[in-house]
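Residue-level structure breakdown
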Amino acid sequence: MVVSKAWTLRQHFQGFPKASDFHLREETLPQPKNGQVLLEAVFLSVDPYMRPYSQTMMKEGDVMIGSQVAKVIQSYNPSFPVGCHVVSDCGWRSHWVCDGAELTPVLPDWPQDIPSPWPWGLPCVVHLTALYGLEEVCEIKKGETLLVNAAAGAVGSVVGQIAKIKGCRVVGCAGTDTKVSYLKELGFDQVFNYKTATSLEESLREAAPHGYDCYFENVGGKFSSVVMPQMREYGRIAVCGSISMYNDTTPQTGPYVHTHMIFKQLRMEGFLCARWKHKHQQSLRRLMAWMTEGKLRCNEHITIGFNNMPAAFMGMLQGDNTGKAVVKV
């Protein structure tokens, strides 16, 4: 028998999450049966989506949702031998028993010279989200101008790099000067600190006087309202997140986008990465090639210790991370 630790939602968040909203419990797992495996968490992901999902998809007392890279430490399933690594959506758990139906094997030929946790695949969902948002939703083309906000975050930093690989002009914004410097190192054409900018509207116009063909939306709220008038005709908007609104206790209201959508003939589309699950393996190999060629850089913000899951989650929501936020057990 294995005793697993699990972080649960003690109570639904009211505004920004607090440490007291979480509860760490222990649970004794059953012995794996035929066809099942026992997993041990290696890296766990903390992501912005967990905040709104917890409100709509979880009950108080549920284990916090999320993905992890886990090692198979006991197996009665030939598809997942002992010692292999998989991506699992079993949430904030240190161990778990499952039948393997929802497990994704980590690519066996993942380059070993890419720093962990990248070889084990956890941040791949971030990369896939960036890729699909650009290719499938924005249908981005060489020579176009892209705007991405929260650009130093897990998704945003990858979005900008992939757009550069595709021959686009990239404008990004972030909340600290250190993050601005990081994005310039990644090759972004124009970057500004939205927190110190005198005028967001003027900063956006100065960065792209002729407007934006594509907008990768991670922030929402007032930022999005300022961007809309600066979209070019037939512009495309990929709505990936709205982190500025996740902790609101009172819903934000307009301005509204309809007039700009109509007269500029814009296309705005929300999306989830799983829509293109059938392309994952092929897409991961493309991303892997860019990494090995040095065209796509990876940055992780690593918190050590399973007991620090809530702290890592709250830090990510307030922008402590540059790149992908993960917890190493």
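Above: the structure in question.
Predicted model only: the values in this text are computed from it and were never measured.

As a further point, take the packing of aromatic side chains. Within this structure, the stated rule accounts for nine aromatic pairs. A ring pair is formed by Phe-13 and Phe-313, whose centres lie 6.2 Å apart and whose planes are at 35°; its orientation type is tilted. With a gap of 300 residues between them, Phe-13 in the loop between β1 (2-9) and β2 (22-29) and Phe-313 in helix α9 (residues 309-317) connect regions that are remote in the sequence. Assigned by exposure class, Phe-13 and Phe-313 land together as buried. For the pair Tyr-49 and Tyr-53, a centre-to-centre distance of 5.2 Å together with 75° between the ring planes defines the contact as edge-to-face. Residue class for Tyr-49 comes out partly exposed when judged on its relative accessible area of 31%.

With respect to the secondary-structure elements, Val-63 resides in the loop between α1 (50-57) and β4 (68-75). Along the backbone, Val-63 and Ala-325 are 262 residues apart, and their C-alpha atoms lie at a distance of 19 Å. Excluding anything up to four places from it in sequence, Val-63 contacts Ala-6, Trp-7, Thr-8, Arg-25, Met-58, Cys-90, Trp-92 and Arg-93.

Its volume calculated, the second largest pocket comes out at about 330 Å³. What lines the second largest pocket is a set of 21 residues, among which Glu-217, Gly-220, Gly-221, Ser-224 and Met-245 lie closest to the centre. Those elements giving two or more residues to the lining of the second largest pocket turn out to be α6 (221-227) and β12 (231-239). A per-class count over the lining of the second largest pocket returns 10 nonpolar, nine polar and two charged.

Here we come to the sheet that holds strand β11 (residues 212-217). Read from one edge to the other, the open sheet built from six strands follows the order β10-β9-β8-β11-β12-β13, with strand pairing classed as parallel. With one partner strand each, in any of the chains shown, β10 (190-193) and β13 (267-270) form the two edges of the open sheet. Here the strands of the sheet are splayed against their neighbours by 15° on average, with no regard to which way each runs. Its contacts with the sheet put helix α5 (residues 200-207) on β8 (145-148), β9 (169-174), β10 and β11, and the angle it makes with β10 is roughly 165°.

With that settled, the discussion passes to the state of the cysteines. Summed over all chains, the structure comprises zero disulfides. Free cysteine Cys-90: the closest other cysteine sulfur is in Cys-98, separated by 7.2 Å. In this structure Cys-273 is not part of a disulfide, and its nearest cysteine sulfur, from Cys-240, lies 9.2 Å away. Looking at Cys-273, the relative accessible area reads 11%, which means it is buried.

Applying the stated criterion across every chain, the model contains 18 salt bridges. Between Glu-27 and Arg-25 there is a salt bridge, and its shortest N-O distance comes to 3.2 Å. For Lys-324, the salt bridge is made with Asp-47, and the minimal N-O distance between the two is 3.0 Å. In this pair, Lys-324 sits in strand β15 (residues 324-328) while Asp-47 sits in the loop between β3 (37-45) and α1, placing the two residues 277 residues apart along the sequence. An identical accessibility class is assigned to Lys-324 and Asp-47; each is buried. Linked through salt bridges whose partners overlap, the residues forming this network are Glu-139, Arg-267, Glu-269 and Arg-275.

For the rest of this paragraph, the subject is the packing of helix α2 (residues 124-137) against helix α3 (residues 154-165). At a minimum axis separation of 8 Å, α2 and α3 run at an interaxial angle of 50°. Classed by the angle they form, the pair α2 and α3 counts as oblique. The element α2 and its partner α3 pack so that their crossing is right-handed. In contact with Val-126, His-127, Thr-129, Ala-130, Leu-131 and Leu-134 of α2, α3 contributes Ala-154, Val-155, Val-158, Val-159, Ile-162 and Ala-163. Broken down by class, the residue content of the contact of α2 with α3 amounts to 10 nonpolar, two polar and no charged.

Reading guide: rules and limits
- Residues numbered from 1 in each chain as written.
- Predicted model: local features only at pLDDT ≥ 70, side-chain atom pairs only at ≥ 80, totals over all residues.
- Heavy atoms only, no water.
- Phe/Tyr/Trp six-rings, centres within 6.5 Å; stacked < 30°, edge-to-face > 60°.
- Helix = DSSP H or I, 4+ residues; strand = E, 2+ residues; numbered from the N terminus.
- Buried < 20%, exposed > 50% of the residue type's maximum accessible area, 1.4 Å probe, protein only.
- Contact = heavy atoms within 4.5 Å.
- 1 Å grid on protein atoms, 1.4 Å probe; cavity = no way out; pocket = protein on both sides within 12 Å on 5 of 7 lines; lining within 4 Å.
- Points joined across faces, edges and corners; volume = space filled by probe spheres on them.
- Nonpolar A, V, L, I, M, F, W, Y, C, P; charged D, E, K, R; others polar.
- Pairing = 2+ DSSP bridges.
- Axes fitted to C-alpha atoms, helices over the stretch in contact; angles between N-to-C directions.
- Disulfide = S-S within 2.5 Å.
- Salt bridge = Lys/Arg side-chain N within 4 Å of Asp/Glu carboxyl O.
- Parallel < 35°, antiparallel > 145°, perpendicular 65-115°, else oblique.
- Left-handed = near helix turned anticlockwise from the far one by under 90°.

Function cannot be read off these values alone, since they describe shape.
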